[in-house]
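Descriptive structure summary
As a plain string of letters, each chain reads:
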Amino acid sequence: MNGLNIGVLAVQGDVAENIMATKMAMEELGIEGIVNEIKNPEQISDLDGLIIPGGESTVIGTLSLVNGSLKKIKEKIASGMPVFGICAGLILLSKKAKDRVVGEMDQPLLDLLDVKIERNAFGRQRDSFESEISMEKIGVPKFQGVFIRAPSIMEAGHNVEIISKFNEKIIAVKQGKILGTSFHPELTDDLSLHKYFVNLVNEKN
Ligand code: GLN
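Now for a quick tour of the structure.

**Focus: the overall build of the protein chain**
- Summing up its helical and strand segments, the protein chain has five helices and 13 strands in all.
- Oriented by its inertia axes, the alpha-carbon framework of the protein chain measures out at about 45 × 40 × 35 Å.
- Sorting the 205 residues of the protein chain into buried and exposed places 53% on the buried side.
- Long-range pairs, those at least 24 residues apart, make up 67% of the contacts in the protein chain between residues at least 6 apart in sequence.

This is the structure in structure tokens:
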């Protein structure tokens, strides 16, 4: 097949918004390809890139573990496939996550991104908010950050590049071809991050 094959993990959460944003990003960049919902493990081997959307990380992790997707995703990312984890997706990529209030939780994680996460670091639902943030390192000086029960990164390994902070908390990182944000770019009109990810996927082809 010609063009990129990008998947959005479709277990729960912001799936449609990410498919839309990725398609629009590809169109604006003039990069050919398809963007599909990923619902079963058989779809994973053909992917060039994957977005793990925001939602509830325990739900996404547990259901993916049960249907066998988690193992396939882990192998595929470990073999170099670019991945973009958003909010719950970022949590899933991490090696360790604890909740700000509940503390240590036994939830399935991919253990690929060398970070320790604090879930709900900015408070719970009623504390969701928007704020302007900056990601100079990847050429995005201004971006509207939409934070919904957002996690933060408490500790990052030396191989992890810190792309953005808000109120002293780390909110965007990159480790090789693994990209993660605490906030939801698919809920804004700004395609910069989805374009950045599509370019990352396109590099390897
Ligand atoms: N608080 C959620 C979790 O811990 C993440 C919220 C989100 O993805 N918007 O999984």
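Continuing now.
**Considering the side chain of Q175**
- Tracing the chain through its elements places Q175 in strand β12 (residues 169-175).
- Residue class for Q175 comes out buried when judged on its relative accessible area of 15%.
- If near-sequence neighbours (up to four positions away) are discounted, Q175 is found in contact with L112, L113, D114, N159 and V160.

**Focus: helix α2 (residues 57-66)**
- Looking only at α2, the buried set comprises S57, I60, G61 and S64. Looking down the long axis of α2, one finds its buried residues gathered within 95° of arc, a one-sided arrangement.
- On its buried face, α2 sits against β1 (4-9), α3 (69-78), α4 (88-93) and β7 (113-119).
- Looking one or two residues past α2, G68 carries a phi angle of roughly 90°, positive in sign.

**A closer look at α3**
- What α3 keeps buried is the set S69, L70, I73, K76 and I77. The buried residues of α3 occupy an angular sector of 130° when projected down its axis, which confines them to one face. Exposed side chains of α3 directed beyond 90 degrees from the buried face belong to K71 and A78.
- On the buried face of α3, the contacting elements are β1, β3 (49-52), α2, β4 (83-86), α4 and β13 (178-181).
- After α3 finishes, the residue G80 shows a positive phi value of roughly 115°.

**Considering the nonpolar core**
- In this structure, I133, M135, F183, L193 and F197 are the most contacted members of the largest nonpolar core, which totals 34 residues.
- Sort the elements by how many residues they give to this core and helix α5 (residues 192-203) lands first, with five residues.
- If near-sequence neighbours (up to four positions away) are discounted, M135 is found in contact with V140, P141, F143, I163, S164, A172, F183 and L193.
- Counting residues in each nonpolar core, the second largest holds 28 residues, with I44, I60, L70 and I73 among its members.

**Some remarks on the packing of helix α1 (residues 15-29) against α5**
- Contact geometry of α1 with α5 gives a least axis separation of 9 Å together with a crossing angle of 70°. The angle between the axes of α1 and α5 places the two elements in the roughly perpendicular class. Once α1 is placed against α5, the crossing between them reads as right-handed. Residues N18, A21, T22, A25, M26, E28 and L29 of α1 form the contact with α5, whose participating residues are H194, K195, V198 and N199.
- For the contact of α1 with α5, the residue count by class is five nonpolar, four polar and two charged.

**Observations concerning the site of the ligand**
- The environment of the ligand is formed by G54, G55, E56, S57, C87, A88, I91, R119, N120, I148, R149 and H184.
- Between the ligand and R149, the relevant distance is 2.9 Å, taken from a nitrogen atom to a main-chain nitrogen or oxygen of the residue.
- In isolation the ligand exposes 300 Å². Once the protein is present, 99% of that is buried.

The rules behind these values
Residues numbered from 1 in each chain as written. Predicted model: local features only at pLDDT ≥ 70, side-chain atom pairs only at ≥ 80, totals over all residues. Heavy atoms only, no water. Helix = DSSP H or I, 4+ residues; strand = E, 2+ residues; numbered from the N terminus. Buried < 20%, exposed > 50% of the residue type's maximum accessible area, 1.4 Å probe, protein only. Contact = heavy atoms within 4.5 Å. Arc of directions from axis to C-beta. Core = buried A, V, L, I, M, F, W, Y, C linked by side-chain atoms within 4.5 Å. Axes fitted to C-alpha atoms, helices over the stretch in contact; angles between N-to-C directions. Parallel < 35°, antiparallel > 145°, perpendicular 65-115°, else oblique. Left-handed = near helix turned anticlockwise from the far one by under 90°. Nonpolar A, V, L, I, M, F, W, Y, C, P; charged D, E, K, R; others polar. Near = heavy atom within 4 Å. Polar contact = N/O pair within 3.5 Å; in protein donor to acceptor, adjacent residues only side chain to side chain. Areas by Shrake-Rupley, 256 points an atom, 1.4 Å probe, with all protein chains shown as cover.

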